[in-house]
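# Remarks on the overall topology
Here are the chains, one letter per residue:
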Amino acid sequence: MQNAAKRRVVPSRNLQAKSYFQPRFLSTEAVAETSSTSSLPLPSSSKTPRQWTRPIANGVIKAYDEALALIRHDSNVKMREVQRLRKELEMATEASQKLEIEARLQKLKIESQINLPEVRWGMKEGLMDLSNPVYRHLLEKSWRKDGRLDMLMERIHQMHVIPDVIPTIYPTVDLRVILDRKNWKASDTTWFEAGPGEFLDPKRTRVRPRFQATVFHLEPRLYTLMVTYLISRIKVSRRIYTCSSSYFYPHSTTGYAQATKYFVYRPNISLDAVSSHQANISLDDAIASWIPPHPQNGTPYHRYVTLLLPQSSATTPIEIDARDYSERLGFDVRQVIEKYGLGKQGDGSKMRMVPRTYADRIGTGMSGGIHMWRAVWDQDVSKIYQKVLKLPEPRYGSPPKPDRYGGRRDSKYY
């Protein structure tokens, strides 16, 4: 009892008396109560504002005010230099001199706005005017350096899209494949983007996906879109597929079983940075209508590759006879690229946010956009064969082992 009496009673802490954790945003009611005594501005509403506003009022943090003033001053200095270069460009007579001034002018336009807080805010919120070169620069920089392009290149090399489909590619177009969930689930109106190398159930691609391309040039240029497929690399010496249908070519010179077939082939697509951003590529005038991907029973996963390649002429359409591509099976991507000169448009030295060694390769290598997803057989493929293709579904498997003894098993001397 004495020990209990000697115990010191520790008073409970009054957490409301002093709080060490201040909330970042206050509720509307709390702001209304403290607005008369606080110098902080009212926070923005829950909806995204359509223009940038200062996070704090003028005079609250002097260092922040000085930083904004320095950014504005630097922007004004470079804008005056832009005006001077424009006058020099009007007076220039030689073509080489004009190209040099245009390159400096383009660089200064970007540098004069790239640090402005309203530009950075607009880029983050998706409120971009892509006719402005600074937004095209930041959008391309985000695509190349934030991991999106790195993942794409990793997947197409790991899964041997290069060199099975094309020898190499240096992407200059951000190509995306969008699928609407309402196509297989009527109550769901959302959509999602297929990641590079992702497995997609055949029912998800029964209806043609939406293809979107982000290009970074202001002038319109013509592109060709192709969607083709390959099976996974399987050593012929280990496994041979047999079926009455000629889907596979087991005796290829590369030693791998390969098959090619196109699902969409659409030339003469005009794209530019302003009108094509987040817009679906029109496939109404495609060479053939969309057929759902249908990986056969007994085969390994199939690789479905989408290519968006610039045409040799930026403005002159190419003429293609649809009768030459009436047979989907055996579609040779490399032959089409060689025949029409696809993927060789543009000068890499003019590309922004590209290392010099990379830009040098664009002049002789292949540019454009690429995407790839995978699929394997499931029960929905049987429905595609029955209702869409209206063909008997093939089944693949290893050939039966030969019976070395033949009919001798019934003999008593066996």
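Residues numbered from 1 in each chain as written. Predicted model: local features only at pLDDT ≥ 70, side-chain atom pairs only at ≥ 80, totals over all residues. Heavy atoms only, no water.

### Here we look at the sheet that holds strand 3 (residues 210–214)
To keep things clear, this is the line we draw: When DSSP locates at least two bridges between a pair of strands, those strands are taken to pair. Helix numbers and strand numbers start at the N terminus; a helix is a DSSP run of H or I with at least 4 residues, a strand a run of E with at least 2. Fitting a line to C-alpha atoms yields each axis, with helices limited to the stretch in contact; the angle taken between N-to-C directions then spans 0 to 180 degrees.
Strand order in the open sheet formed by three strands is 2-1-3, with antiparallel pairing between adjacent strands. Edge positions in the open sheet fall to strand 2 (191–193) and strand 3, since each of these has one partner strand only. Across the sheet, the mean angle from the axis of one strand to that of its neighbour is 30°, orientation sign disregarded. Note: strand 1 (residues 174–180) against strand 2, three bridges, orientation antiparallel. Looking at the pairing, L179 lines up with F192 of strand 2.

### Remarks on the environment of K107
Convention followed: Type-normalised accessible area, obtained with a 1.4 Å probe on protein chains alone, sets the label of each residue: buried when under 20%, exposed when over 50%, and partly exposed for intermediate values.
Take K107: it is sitting in helix 4 (residues 95–113). Looking at K107, the relative accessible area reads 54%, which means it is exposed. Residues K107 and V134, 27 residues apart in the sequence, show an inter-C-alpha distance of 9.2 Å.

### Observations regarding the confidence of the model for the protein chain
Using the following cut-off: Per residue, pLDDT captures the predictor's confidence, and it can take any value from 0 to 100. Residue contacts are counted whenever heavy atoms from the two residues lie within 4.5 Å of one another.
Across the protein chain, the average pLDDT comes to 77, with 74% of residues at or above 70. Here helix 2 (residues 28–34) stands out as the least confident element of the protein chain, with mean pLDDT 34; strand 7 (residues 369–375) is the most confident, with 94. For residues 4–46, every residue scores under 50 in pLDDT, and the model assigns this stretch 11 contacts once sequence neighbours within four places are set aside. Counting interchain partners and residues more than four positions distant, the pLDDT-below-50 stretch residues 235–258 has 61 contacts.

### Notes on a positive patch on the surface
Let me state the cut-off plainly: Note on patches: the residues involved have over 30% relative accessible area and no salt bridge, like charges join within 9 Å, and the nonpolar side chains Val, Leu, Ile, Met, Phe, Trp and Tyr join within 5 Å. Calculation of accessible area relied on Shrake-Rupley with a 1.4 Å probe; when residues are assessed, cover is drawn exclusively from the protein chains displayed. Here, a salt bridge means any Lys or Arg side-chain nitrogen found within 4 Å of an Asp or Glu carboxyl oxygen. By the counting rule applied here, Lys and Arg register as positive and Asp and Glu as negative, while His and the ends of each chain are not counted. Just so you know, the charge point we use is NZ for Lys, CZ for Arg, CG for Asp and CD for Glu.
A contiguous patch of positive charge on the surface is contributed by K185, K203, R206, K383 and K387. Topologically, K387 is positioned in helix 12 (residues 379–389). Taking the relative accessible area as the measure of exposure, K387 reaches 54% and is therefore exposed.

### Some details on the packing of aromatic side chains
Rule in force here: Whether two aromatic rings pair depends on their centres lying within 6.5 Å, for rings of Phe, Tyr and Trp, where Trp uses its six-membered ring; planes under 30 degrees apart make the pair stacked, over 60 edge-to-face, and the rest tilted. Criterion for a charge above a ring: Arg CZ or Lys NZ at most 6 Å from the ring centre, at most 35 degrees from the ring normal.
Summed over all chains, the structure comprises 11 aromatic pairs. Between F263 and W290, the aromatic rings sit 6.0 Å apart at their centres with planes inclined by 45°, giving tilted as the arrangement. With F263 in strand 5 (residues 261–271) and W290 in the loop between helix 9 (273–276) and strand 6 (302–310), this residue pair connects regions lying 27 residues apart in the sequence. Exposure class is identical for F263 and W290. Each is buried. Taken together, the ring pairs in this structure connect Y229, F263, W290, Y304 and W373 into an aromatic cluster. Here the basic side chain of R374 rests over the ring of Y301, its NZ or CZ set 5.0 Å away from the ring centre.

### Here's the deal with helix 10 (residues 333–340)
Since the α-helix packs 3.6 residues into each turn, any two residues three or four apart lie on the same face. Put simply, the rule reads: The arc under discussion is defined with respect to the helix axis, by the directions toward the C-beta atoms. Each polar contact in these results corresponds to two N or O atoms within 3.5 Å; when the atoms are within protein, one needs to be able to donate a hydrogen and the other to accept it, and residues that are neighboring in sequence are counted only if both atoms are side-chain atoms.
If you check which residues of helix 10 are buried, you get V333, V336, I337 and Y340. Projected down its long axis, helix 10 shows its buried positions confined to an angular sector of 100°, all on one face. Exposed residues lying more than 90 degrees from the buried face of helix 10 are Q335, E338 and K339. In the core, the buried residues of helix 10 are packed alongside strand 4 (221–231), strand 5 and strand 6. For helix 10, the capping residue at the N-terminal end is D332, with a side-chain oxygen 3.2 Å from the backbone nitrogen of R334. One or two residues past the end of helix 10 sits G341, with phi positive at roughly 65°.

### Description of the pattern of salt bridges
Under the counting rule described, the total for this entry stands at 14 salt bridges. One salt bridge in this structure joins E88 and R84, with 2.3 Å as the shortest N-O distance. In this pair, E88 and R84 are both assigned in helix 3 (residues 62–91), four residues apart and thus about one turn of the helix distant. The class of R84 is partly exposed, set by a relative accessible area of 34%.

### A closer look at the nonpolar core
Rule in force here: Take the buried Ala, Val, Leu, Ile, Met, Phe, Trp, Tyr and Cys residues and link them wherever side-chain atoms come within 4.5 Å; each set so joined is a nonpolar core.
Ranked by size, the top nonpolar core spans 42 residues in total, and within it I166, M226, Y265, L307 and I370 carry the most contacts. When residues in this core are grouped by element, the largest group, five residues, is from helix 6 (residues 133–145). Ignoring anything within four residues of it in the chain, the contact list for Y265 reads T224, L225, M226, A286, I287, I320, Y325, F331, V336 and Y340. Counting 27 residues, the second largest nonpolar core, distinct from the first, contains L225, Y229, L283 and I291.

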